[in-house]
Amino acid sequence: MKKLLTMLLIGGLLACAGQSSAQGIEAGSSLVSLYAGFGSALEKSDIEINGDNLSWGNIGGELGLSYLFFPTPYLGLGADIRYAGFQGSEKTEYWAGRWFWHTLESDFETHTLQLMAAGRINLNPGANVRLYVPFGAGVVFSRGRMEYTWDDYAYDTETASNTSLGWYAGVGIEFDTSDRFAWGLEARYNTFRYDDTRLAQDIGGRSSGSEKDRSYVSVAIKVSFK
């Protein structure tokens, strides 16, 4: 992740030196962007089972859509919606049966839907290779899910949902391929809050009984239409 952010910064700073024949971002421009990427949690959950805290998001995928209007070339304002699904802790236990061994598998997942007021600061809006800073804040709908499988048969699922405020900030680099089309890479730090109490009770675990910060980093490829 550090190497990727370094590459984005270096590429963007080099791009600042040159302008292109493309229009770049002008006052009155609008930008519709589609995102697809992956993310990973920066901390574990607040659910403890047998002395271990479960991970809520080892790795996950995300999809997103955003709209920005630029009243000035340097600042864009709009909205962002993004869905992410994370695979958390996976555990397998074995039980000796009369004729063969039985397996009990538990899979912990987390899903989020973000509805954000979004913004973006362009550092070199007139270039066809642009470095920018995205940011946003809004509502995050999150759901924790534990599924149990006995001998490859899913027999129980426990879920608990939560709604909280959240925000994100990051860095991105964008390449014009024409006056109407661009693509790029965007890295974000994302944070929201989640209360593990109910899910912990349902799956026989322990929690501190309060809402906690959750955060993750994400990297996405984006395509944009002006």
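Residues numbered from 1 in each chain as written. Predicted model: local features only at pLDDT ≥ 70, side-chain atom pairs only at ≥ 80, totals over all residues. Heavy atoms only, no water.

1. Concerning a nonpolar patch on the surface
A cluster of nonpolar side chains, contributed by Val32, Leu34, Leu65, Tyr67, Phe69, Ile81, Tyr83, Leu113, Leu115, Phe141 and Phe225, occupies part of the molecular surface with about 910 Å² of accessible area. Those elements that provide at least two residues to the nonpolar patch are β1 (30-41), β4 (59-72), β5 (75-96) and β6 (101-122). Tracing the chain through its elements places Leu115 in strand β6. A relative accessible area of 38% means that Leu115 is categorised as partly exposed. (Patch = residues over 30% accessible without salt bridge, like charges linked within 9 Å, V, L, I, M, F, W, Y side chains within 5 Å. Areas by Shrake-Rupley, 256 points an atom, 1.4 Å probe, with all protein chains shown as cover. Salt bridge = Lys/Arg side-chain N within 4 Å of Asp/Glu carboxyl O. Helix = DSSP H or I, 4+ residues; strand = E, 2+ residues; numbered from the N terminus. Buried < 20%, exposed > 50% of the residue type's maximum accessible area, 1.4 Å probe, protein only.)

2. A short note on the confidence of the model for the protein chain
Residues of the protein chain with pLDDT of at least 70 account for 84%, and the chain-wide mean is 87. Contacts for the low-pLDDT stretch residues 2-21, under 50 throughout, to residues beyond four places or in other chains number 24 contacts. (pLDDT = per-residue confidence, 0-100. Contact = heavy atoms within 4.5 Å.)

3. Focus: the nonpolar core
Counting 25 residues, the largest nonpolar core has Ile47, Leu54, Trp56, Phe108, Leu199 and Ile203 as its most contacted members. Not counting residues up to four positions away in its chain, the partners in contact with Trp56 are Ala41, Glu43, Lys44, Ser45, Phe86, Gly88, Phe108, Thr110, Phe192, Arg214, Ser215 and Tyr216. (Core = buried A, V, L, I, M, F, W, Y, C linked by side-chain atoms within 4.5 Å.)

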